[in-house]
Amino acid sequence: MTRKKKKAIEEPKKIEENRIKKIKIRVIGIGGGGGNIVSEISQKVKRASFFGADTDSKALKNLTRSVKRFQFGQNLTRGFGTGMNPEIAQTAARNEKEKIKKLLENQDLIILIACLGGGVGSGATPIFAKISKNLGNINYGIFTLPFKFEGEKKLEIAKNSLRNLKGKLNTFSIIPNERIFQIIDRKVPLKKALSSINENLVNSLQSLIEIIYKPGLINIDFADLKTVFEGRGHLTYLNSIEVEKEEEKEAIEKFLHSPLYPYSIEGAKGVLLNISGQKDLSLAQVSQISKTILEKVNKEAKIIFGISHTPKESKMKITILATGCSKKIFPEKPKRLKPKGKKTPTHPPSEGPKRKFG
């Protein structure tokens, strides 16, 4: 092969590699819980930048070295947290919009992680999401919900925050902390239990980022991710699994119904699916996995499919990102019906004495 021909082949490859390298993904943990999750993820997931955002200077000091610290609201909170008051965190974030804007600008994908139910995570995350949306970033939120033993008040704060967030995010995933008891014993120490949730997020996010950056036999790129993330407020299912051939059928069913999620891929309107296997990965295997998934999602769903190779010793790995899942996380409150035959007066009655209360 002549030097000119070799150069002609290598140039498009280099252009593609440079284009991929320019994709910027930033993962931000907001509040103490979000910061803890990001600390754990950052030690294993590469090719993304990691930040912990908080009003609490003490909580920021506990972050690992791989996470950059972003403190806001010092004038309002004097470097402390906000307790369970999301309004203080909301005000703190609003007061420093320009500072937050600098953190979020020039990024392609922003992943916001927070433990909803507390003050900073619940109050500040919607402000971060709104600023990021206005900058034109793709926004993906990953949120945990409080344990039942933390009380109804915390759950109500989490619900209100999520309602605020939906219109500002392209997609979001929900993991109720309570679901951890479906995969571990209740006697397991709390720190280890929470770490199990983080481990699932590590594997899923790592796989998602890998398929964006690494070329495959059938390639998935950032443009494909943008297609699946199109729109606002879509409930999203993200999961990754390594499968042994002899356990393939059973493992795939579990993979599509993770015990950590209170929903599955049922009714999803956008699907990014990547199968990574050895060179002997058969067409029959790929067909069977795809068929199982297609049966569960919306008939008109946008399906983006990728195949890549793993090293010889590795198991087959499947990663799925399904957006627009049909299940409602919080059931709507039933509307109060007026009793038939009785009309509500438009004006107070003119006759009779007025009663005083209190």
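Structure: above.
Residues numbered from 1 in each chain as written. Predicted model: local features only at pLDDT ≥ 70, side-chain atom pairs only at ≥ 80, totals over all residues. Heavy atoms only, no water.

Caption draft 1: Looking closely at the nonpolar core. Ranked by internal contacts, the top residues of the largest apolar core, which has 97 residues, are F128, I318 and I320. Per-element tally for this core: the top contributor is helix α9 (residues 190–213), with 10 residues. If we ignore the near neighbours within four places in the chain, the residues touching F128 are I30, A53, F70, F72, I100, L103, L104 and L112. (Core = buried A, V, L, I, M, F, W, Y, C linked by side-chain atoms within 4.5 Å. Buried < 20%, exposed > 50% of the residue type's maximum accessible area, 1.4 Å probe, protein only. Helix = DSSP H or I, 4+ residues; strand = E, 2+ residues; numbered from the N terminus. Contact = heavy atoms within 4.5 Å.)

Caption draft 2: The arrangement of a positive patch on the surface in detail. Judged by side-chain charge, R94, K97, K130, K133 and R232 come together as a positively charged surface patch. Topologically, K97 is positioned in helix α6 (residues 97–104). The partly exposed category is assigned to K97, whose relative accessible area is 42%. (Patch = residues over 30% accessible without salt bridge, like charges linked within 9 Å, V, L, I, M, F, W, Y side chains within 5 Å. Areas by Shrake-Rupley, 256 points an atom, 1.4 Å probe, with all protein chains shown as cover. Salt bridge = Lys/Arg side-chain N within 4 Å of Asp/Glu carboxyl O. Lys, Arg positive; Asp, Glu negative; His and termini not counted. Charge placed at Lys NZ, Arg CZ, Asp CG, Glu CD.)

Caption draft 3: Looking closely at the pattern of salt bridges. Counting across every chain of the model gives six salt bridges. One salt bridge connects K154 with E150, and the closest N-O pair in it is separated by 3.0 Å.

Caption draft 4: View of the pairing of strand β8 (residues 270–277). The buried fraction of β8 is high, at eight of eight residues. Burial along β8 is two-sided: G270, L272, N274 and S276 and V271, L273, I275 and G277, pointing in opposite directions, are all buried. Since β8 and strand β9 (residues 302–309) lie parallel, the crossover through helix α12 (residues 283–294) that links them has a hand, and here it is right-handed. Of the strand pairs in this sheet, β8 and strand β10 (residues 316–323) are connected by seven bridges, and their pairing is antiparallel. Each bridged residue has a counterpart across the sheet, and for S276 the counterpart in β10 is K317. (Right-handed = clockwise from strand over helix to strand, strands pointing away. Pairing = 2+ DSSP bridges.)

Caption draft 5: Molecular detail of a nonpolar patch on the surface. The grouping of F149, L190 and L194 at the surface amounts to a nonpolar patch, some 310 Å² of accessible area in total. When you line up the elements, L190 lands in helix α9. Residue L190 is classed as partly exposed on the basis of its relative accessible area of 49%.

Caption draft 6: Summary view of the packing of aromatic side chains. A full pass over the atoms with the stated rule returns nine aromatic pairs. Between the aromatic rings of F70 and F72, the centroid separation amounts to 6.4 Å while the plane-to-plane angle is 35°, which identifies the pairing as tilted. Take F70 and F72: they sit in the same class, and that class is buried. Here the aromatic residues F70, F72 and F128 are joined through ring pairs into a cluster of three or more. The ring of F70 is capped by K99, whose NZ or CZ atom sits 5.3 Å from the centre of that ring. (Phe/Tyr/Trp six-rings, centres within 6.5 Å; stacked < 30°, edge-to-face > 60°. Lys NZ or Arg CZ within 6 Å of the ring centre and 35° of its normal.)

Caption draft 7: The arrangement of the packing of α6 against helix α7 (residues 120–134) in detail. For the pair α6 and α7, interaxial distance at closest approach is 10 Å and the crossing angle is 60°. By the criterion of interaxial angle, the relationship of α6 to α7 is oblique. The handedness of the crossing between α6 and α7 is right-handed. Seen from α6, the contacting residues are K97, I100, K101, L103 and L104; seen from α7, they are F128, I131 and S132. Of the residues contributing to the contact of α6 with α7, the split by class is five nonpolar, one polar and two charged. (Axes fitted to C-alpha atoms, helices over the stretch in contact; angles between N-to-C directions. Parallel < 35°, antiparallel > 145°, perpendicular 65-115°, else oblique. Left-handed = near helix turned anticlockwise from the far one by under 90°. Nonpolar A, V, L, I, M, F, W, Y, C, P; charged D, E, K, R; others polar.)

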